[in-house]
Amino acid sequence: MQNNKNILLTGTAGFIGSNFVPYFLEKYPQYTLVNLDLLTYAGTLDNLKECEGNPRYKFIKGNICNRELVEYIFTEYDIQGVIHFAAESHVDNSIKNPGVFIETNVNGTFTLLDVAKHYWMDKPFTYKMPYQGCRFHHISTDEVYGTLSLDPNDLFTEETPYAPNSPYSASKASSDMIVRSYQETYGLNTVITNCSNNYGPKQHDEKLIPTIIRKALAGQSIPIYGDGKNIRDWLYVLDHCKGIDLVYHTGKEGNVYNIGGRNERTNLQIVDAICTILDEKVPSAKSYKELITFVEDRAGHDRRYAIDASKLENKLGWRADENFDSGIIKTIEWYLGKYKTSENN
Ligand SMILES: NC(=O)c1ccc[n+]([C@@H]2O[C@H](COP(=O)([O-])OP(=O)(O)OC[C@H]3O[C@@H](n4cnc5c(N)ncnc54)[C@H](O)[C@@H]3O)[C@@H](O)[C@H]2O)c1
């Protein structure tokens, strides 16, 4: 018989969280998931529709920076674990408006950590009896490591020094450091996962892959930054969720785990692959590739990210189930459904 527990999840109306919640609810019938999300432009309850009727799913609209609210949630639901997704997450927005990134990503993470510490612990390194082992899992990004050379052997490991280049990655790096300090100073049980670029259903329209599909279907030019040769390591979102599950349950306290799919692609390869599939699935008079348009590069655009996930693979037995070729088909099918429905509305 497993213990029933209430776990606080933040930011689950966004892309990754809303893929995580249905997966986690189904896998762990002993958990009730309390979801705290501000429903910024990036979050929508449409993403969580499938969970609405589930008695083990609760949704609270609110800000992770609101200490009173976070304290109320801990007490009211007797929270025994945190998985923290909430963030401002779009690099382009962080260049235009960095302040909210510092507020949510740094101050919000601090607030959650500090409330958890007070609720679970009597003093440094001493948990209150009922809360022994309660864990704070912080979801972070590989962007904290900065950019890589084009040498394929050059990969981000958990030992790579932090060198964030955008206000987004700097705010995430700062939040990682605060998590680390709560582990080292107070003995709060924490884990951090730093993941590469995710793709899959429910991602906001502003991000690269949904933009390519949407613009192509609308017959509009498909904007690609600079020379299109920036490289990202793409991971199917459900593989990220499975990695989070594994680290939350079996990761070693105080450890950091990189998550990545060994699927490096340039932006040009991504747009080419998507247009090829769309040309087959929804042929139009001309190939969608003719819509590709190069636009002025993003300021400070990191050239290459690539993850060495061997710690997670070797120590915890994680493997990505999807490769890019299989994951991108599922993804395109989902957006075809979404954009066709919105066309009909
Ligand atoms: N998307 C990726 O490729 C990727 C890769 C690695 C790591 N991450 C990290 O994973 C996490 C989730 O990313 P995502 O892509 O799902 O982001 P997202 O932008 O799609 O969703 C973020 C969610 O957080 C909520 N939110 C924002 N500010 C809030 C606040 N102050 N209080 C409460 N809720 C708030 C939003 O309403 C939204 O629902 C982030 O921490 C991000 O840094 C993302």
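Cut-offs used in this document
- Residues numbered from 1 in each chain as written.
- Predicted model: local features only at pLDDT ≥ 70, side-chain atom pairs only at ≥ 80, totals over all residues.
- Helix = DSSP H or I, 4+ residues; strand = E, 2+ residues; numbered from the N terminus.
- Buried ≥ 20, exposed ≤ 12 C-beta atoms within 10 Å, placed from the backbone.
- Axes fitted to C-alpha atoms, helices over the stretch in contact; angles between N-to-C directions.
- Parallel < 35°, antiparallel > 145°, perpendicular 65-115°, else oblique.
- Left-handed = near helix turned anticlockwise from the far one by under 90°.
- Contact = placed C-beta atoms within 7 Å.
- Nonpolar A, V, L, I, M, F, W, Y, C, P; charged D, E, K, R; others polar.
- Near = placed C-beta within 6 Å.
- Expected span 1.5 Å × (residues − 1).
- Pairing = 2+ DSSP bridges.
- Right-handed = clockwise from strand over helix to strand, strands pointing away.

Structural notes on the overall build of the chain
When its secondary structure is counted, the chain shows 10 helices and 15 strands. For the chain, the spread of C-alpha atoms along the principal axes amounts to about 65 × 45 × 40 Å. Going through the 345 residues of the chain one by one, you find that 45% of them count as buried.

Considering the packing of helix 2 (residues 67–77) against helix 4 (residues 99–120)
Remark: helix 2 packs on helix 4, axes separated minimally by 10 Å, with the N-to-C direction vectors making an angle of 40°. When the axes of helix 2 and helix 4 are compared, the pair comes out oblique. Between helix 2 and helix 4 lies a crossing of right-handed hand. Where helix 2 abuts helix 4, its residues Arg 67, Val 70, Glu 71 and Phe 74 lie against Thr 111, Leu 112, Val 115 and Tyr 119. The residue makeup of the contact of helix 2 with helix 4, split by class, is five nonpolar, one polar and two charged.

So, the site of the ligand
Surrounding the ligand, one finds 31 residues, the nearest of these being Gly 11, Gly 14, Phe 15, Gly 43 and Ala 87. Breaking the shell around the ligand down by element, the ones donating at least two residues are helix 1 (15–27), strand 2 (31–37), helix 4 and strand 7 (135–141). At three residues, the largest contribution of residues to the shell around the ligand is made by helix 1. Residue composition of the shell around the ligand, by class: 14 nonpolar, 14 polar and three charged.

What about unusual backbone geometry?
Of note in the backbone geometry, Phe 125 takes a positive phi value of approximately 65° without being a glycine. The residue Phe 125 is located in the loop between strand 5 (121–123) and strand 6 (126–127) in this model. By the C-beta count within 10 Å, which is 10 here, Phe 125 ends up exposed. Positioned with a positive phi, Arg 262 is a non-glycine residue whose angle comes to about 50°. Tracing the chain through its elements places Arg 262 in the loop between strand 13 (256–259) and strand 14 (264–266).

What about helix 7 (residues 237–250)?
Over its 14 residues, helix 7 extends 20 Å from the first C-alpha to the last, a length consistent with the 20 Å expected when each residue adds 1.5 Å. All buried positions along helix 7 are accounted for by Val 237, Leu 238, Asp 239, His 240, Cys 241, Gly 243, Ile 244 and Val 247.

Re the sheet that holds strand 1 (residues 5–10)
An order of 3-2-1-4-7-8-13 is seen for the seven strands of this open sheet, with the pairing classed as parallel. At either end of the open sheet lies a strand with only one pairing partner, and these are strand 3 (57–61) and strand 13. Neighbouring strand axes in the sheet, compared pairwise and without regard to direction, differ in orientation by 20° on average. With six bridges connecting them, strand 1 and strand 2 associate as parallel partners. Among the inter-strand pairings, Leu 8 is bridged to a residue of strand 2, identified as Val 34. Against the sheet, helix 7 contacts strand 4 (79–84), strand 7, strand 8 (189–195) and strand 13, and its axis sits at roughly 160° relative to strand 8.

Quick word on the pairing of strand 8
The side chains of a regular strand alternate, first on one face of the sheet and then on the other. Within strand 8, seven of the seven residues are buried, which leaves the element mostly enclosed by the surrounding structure. Alternating residues of strand 8 divide into Asn 189, Val 191, Thr 193 and Cys 195 and Thr 190, Ile 192 and Asn 194, and every residue in both groups is buried. Note that strand 7 and strand 8 share seven bridges and pair parallel. Bridge pairing in strand 8 links Phe 136 to Thr 190. Taking the sense of rotation as the criterion, the β-α-β connection linking strand 7, helix 5 (residues 167–186) and strand 8 turns out right-handed. Relative to strand 13, strand 8 runs parallel, the two sharing four bridges. In the strand pairing of strand 13, Asn 194 is matched with Asn 258.

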